[in-house]
Amino acid sequence: MRPASFYVKIGAVINMNEPLAYRMRPKTLDEIIGQEHLIAKGSVLRRCAEEKKLFSMIFYGAPGMGKTTLATVLANEAGLPYRMFNAVNGTKKELDALFLEAKMFPGFVLIVDEVHRLNKDKQDLLLPHVENGNVTLIGATTANPLHSINPAIRSRCHLFEVKTLSEKDICLAIQRSLASPQGFHNEASMEEDAMLWIARQSGGDVRYALNVTELAVTLAEDKKVTLDLLKQIPTVANQRTYKGDDGHYDLVSAFQKSIRGSDADAALYYLALLIDSGDLESIERRLLVIAYEDIGLGNPAAVARTIQAIDAAKRIGFPEGRIPLSMAVIDLALSPKSRSAETAIDLAMKAVHQRACPIPDYLKFTPTALQEEDRYDYDLPQLWPLIQYLPDDLKNQSFYFPGNHGKYEKALAENYQKLRKIQRSNDLRKLKKKIQSMK
């Protein structure tokens, strides 16, 4: 007699001690939830499986989306031999053995988990086998392949995004686990609001959702999971915004764009995610960039207040540090915006790169071969606004185009326009005579 931890169905042995998420891994394309853009009828991957022909490819997306599962299902549906290899702990010796095996089995598929972690030695071993078709590579990664995958490997692979699952998809996965012989075989149930709660907590990660489901069913005395029961379990929403991965960079991008778009509520939400990750260093850097890049001369006082808020947050630390940071974010989001300073320096940098212009002699620190009448006069302030400071080839060039979004920059703009009307000259001798005649 088999132990109670085994369930037998049509000759299959299911080890109920294995995690629910592992037992529920799809075996066919039809069992995969979501990813319609890749596996729907007539889609690229389903056609490849139907034609029994796979190409080297890389699946990228957030954790728990089923990248590795999709790879194994494709190989199975195409009827092709495959082996798994982990880029982190797999060895060169293991790779050599796999390449020998590939020579004996045409169409051999090598599924590489965390493919972005392949070191150079392993890449050097792998590349020629992918190049000559001895191996069909299917890589899986949570990182952006355009940034993290070696270009030599990337150029030999098709890139496919495995998208985050919707709440509806997650609820379907939970329902299947409750009904399936590989899951709870209809011996457990869950209230609809409890299922939706798990889906919202999961962040699109089906593995996380099934792990919570399994824990909840275990704790439910009558095997009926309620929302009240779930709220007693000290789980934390599955946010994928940790320092150093692509989710983090997506987060800081959303954070800055929300402030730039003057949406204080969205900016506070993304600030909360950053605070939740404990990454004060990134918050500090991003707020300073936002203050100078997006608000700038529209409200320079807000820039100064941001620096003060960051300093206070660093002195206080979390959790209280969230308060001055919140003030700064609201201040910046609701401030007048001006990117004129950034635009101005970018135009100046462009001019520097396009043309080499000498500094006028009278502006040099120690000019030589200049008579006294042609030199810059430190004791004649009336002369200074009349001098041409740009090189001759750029004398009429404008780099600064004032914004008109705040009182401060409006005042700057008025002064700038007045100064632009002055006819500046590089003939200092003539300017000096003009000033002397006016005395």
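Here, residues in each chain are numbered from 1, in the same order as that chain's written sequence. Local features in this predicted model are restricted to residues of pLDDT 70 or higher, and side-chain atom pairs are both shown and tallied only at a pLDDT of 80 or more, whereas totals for entire chains, interfaces and linings draw on every residue. Excluding hydrogens and water, the side-chain values take into account all heavy atoms of the structure.

### Examining the overall build of the protein chain
Part 1 of the argument: Each helix and strand counted, the protein chain has 20 helices and nine strands in total.
Part 2 of the argument: Atoms considered for the radius of gyration are the C-alpha atoms alone. The globule rule reads 2.2 Å times the number of residues to the power 0.38. In terms of overall size, the protein chain is more extended than a compact globule, its C-alpha atoms giving a radius of gyration of 32 Å where 439 residues would be expected to give roughly 22 Å.
Part 3 of the argument: Taken along its principal axes, the extent of the C-alpha atoms in the protein chain is 115 × 55 × 40 Å.
Part 4 of the argument: When burial is assessed residue by residue, the protein chain has 41% of its 439 residues classed as buried.
Part 5 of the argument: Expressed as a percentage of contacts within the protein chain between residues at least 6 apart in sequence, the contacts between residues at least 24 apart total 72%.
Part 6 of the argument: Here the Shrake-Rupley method, with its probe set to 1.4 Å, supplies the accessible areas, and only the displayed protein chains count as covering residues. Per element, the accessible surface of the protein chain, about 25000 Å² overall, is 53% carbon and sulfur. By definition, any uninterrupted DSSP run of H or I lasting at least four residues is a helix, any uninterrupted run of E lasting at least two residues is a strand, and each is numbered from the N terminus. Exposure classes here rest on a 1.4 Å probe applied to the protein chains alone. A residue is buried below 20% of its type maximum, exposed above 50%, and partly exposed in between. It only takes one pair of heavy atoms within 4.5 Å for two residues to be counted as in contact.

### Focus on the nonpolar core
As a rule of thumb, soluble globular proteins bury nonpolar side chains together.
Part 1 of the argument: Among the nonpolar cores identified, the biggest contains 50 residues, and F59, L70, L74 and V225 are the most heavily contacted of them.
Part 2 of the argument: Of the residues forming this core, the biggest block, six residues, is contributed by helix α11 (residues 206–219).
Part 3 of the argument: Once you skip the residues sitting within four places of it in the chain, L70 turns out to touch L29, I32, L38, I39, L45, F59 and V162.
Part 4 of the argument: Put simply, buried Ala, Val, Leu, Ile, Met, Phe, Trp, Tyr and Cys residues joined by side-chain atoms within 4.5 Å make one nonpolar core. V252, L280, I283 and I295 belong to the second largest nonpolar core, which has 21 residues in total.

### Topic: the side chain of S177
Part 1 of the argument: Here S177 shows up in helix α9 (residues 167–179).
Part 2 of the argument: Under the relative-accessibility criterion, S177 is labelled buried at 0%.
Part 3 of the argument: Any pair of nitrogen or oxygen atoms within 3.5 Å is treated as a polar contact; in protein, a donor-acceptor pairing is required on top of that, and neighbouring residues in sequence qualify only through side-chain atoms on both sides. Within the structure, the side chain of S177 is placed 2.7 Å from the backbone oxygen of I174, a separation counted as a polar contact.
Part 4 of the argument: Not counting the four nearest positions on each side in its chain, S177 is found in contact with L20, M24, G183, F184, H185, L210 and T213.

### Some details on the pairing of strand β5 (residues 109–113)
Part 1 of the argument: Most of β5 sits out of view: four of its five residues are buried.
Part 2 of the argument: Any two strands are treated as partners once DSSP identifies two or more bridges connecting them. Pairing of strand β4 (residues 82–86) with β5 involves five bridges; the strand directions are parallel. Residue pairing for β5: N86 is matched across the bridge by D113.
Part 3 of the argument: As a crossover connection, the stretch from β4 through helix α5 (residues 92–104) into β5 is right-handed.
Part 4 of the argument: Here five bridges tie β5 to strand β6 (residues 136–141), and the two strands are oriented parallel to one another. What sits directly across from D113, in β6, is A140.
Part 5 of the argument: Viewed along the sheet, the connection from β5 through helix α6 (residues 120–131) into β6 turns out right-handed. Handedness of a crossover is defined as follows: with both strands directed away from the viewer, a clockwise route from the first strand across the helix to the second makes it right-handed.

### Re helix α4 (residues 67–77)
Part 1 of the argument: The buried fraction of α4 is high, at nine of 11 residues.
Part 2 of the argument: For α4, the secondary structure elements touched by its buried residues are α2 (36–39), α3 (44–50), β3 (57–60), β4, β5 and β6.
Part 3 of the argument: G79 sits one or two residues past α4 and shows a positive phi near 70°.

### As for the pattern of salt bridges
Part 1 of the argument: By definition, a salt bridge exists where a carboxyl oxygen of Asp or Glu is found within 4 Å of a side-chain nitrogen of Lys or Arg. In this structure the tally under the stated criterion is 20 salt bridges.
Part 2 of the argument: For R260, the salt bridge identified is with E293, shortest N-O distance 3.7 Å. A residue pair is termed long-range when its members are at least 10 positions apart, and R260 in helix α13 (residues 246–260) and E293 in helix α15 (residues 280–295) qualify at 33 residues.
Part 3 of the argument: Exposure remark for R260: the relative accessible area of 32% places this residue in the partly exposed category.
Part 4 of the argument: Here E284 ties to K314 by a salt bridge, and the two come within 3.3 Å at their closest N and O atoms. Of this pair, E284 sits in helix α15 while K314 is found in helix α16 (residues 300–316), placing the two residues 30 residues apart along the sequence.

### Some points on the packing of helix α10 (residues 192–202) against α11
Part 1 of the argument: An axis is simply a line fitted to the C-alpha atoms; with a helix, the fit covers only the stretch in contact. Between two such axes, the angle follows the N-to-C directions and lies from 0 to 180 degrees. Interhelical geometry of α10 versus α11 gives an angle of 140° and a closest axis separation of 9 Å. Taken as axis vectors, α10 and α11 run oblique relative to one another. The handedness of the crossing between α10 and α11 is right-handed. Contact residues: I198, Q201 and S202 in α10; Y208, A209, V212 and T213 in α11.
Part 2 of the argument: Residue classes follow a fixed rule: Ala, Val, Leu, Ile, Met, Phe, Trp, Tyr, Cys and Pro count as nonpolar, while Asp, Glu, Lys and Arg count as charged, and any other residue, Gly among them, counts as polar. Partitioned by chemical class, the residues of the contact of α10 with α11 number four nonpolar, three polar and no charged. Angle categories are assigned with fixed cut-offs, so that under 35 degrees is roughly parallel, over 145 is roughly antiparallel, 65 to 115 is roughly perpendicular, and the rest are oblique. Whether a crossing is left-handed or right-handed is set by the direction in which the near helix is turned from the far one by less than a right angle, anticlockwise for left-handed and clockwise for right-handed.

### Regarding the packing of aromatic side chains
Part 1 of the argument: When two rings of Phe, Tyr or Trp (its six-membered ring) have centres within 6.5 Å they constitute a pair, described as stacked for plane angles under 30 degrees, edge-to-face for angles over 60, and tilted for the intermediate range. Applying the stated criterion across every chain yields a total of five aromatic pairs.
Part 2 of the argument: When the centroid spacing of 5.3 Å and the interplanar angle of 70° are considered together, the rings of Y269 and Y270 count as edge-to-face.
Part 3 of the argument: With a relative accessible area of 47%, Y269 lands in the partly exposed category.
Part 4 of the argument: A residue is classified by how much of its surface remains accessible, and Y270, at 24% relative accessible area, is partly exposed.
Part 5 of the argument: The interplanar angle of 5° and the centroid separation of 6.4 Å between the aromatic rings of Y376 and W384 together place this pair among those described as stacked.
Part 6 of the argument: Taken together through their ring pairs, the aromatic side chains of Y376, Y378 and W384 make up a single cluster.
Part 7 of the argument: The aromatic ring of F55 is capped on one face by K53, whose charged end is 5.6 Å from the ring centroid. A positively charged side chain is recorded as over a ring if its NZ (Lys) or CZ (Arg) lies within 6 Å of the ring centre. The angle to the ring normal must also be within 35 degrees.

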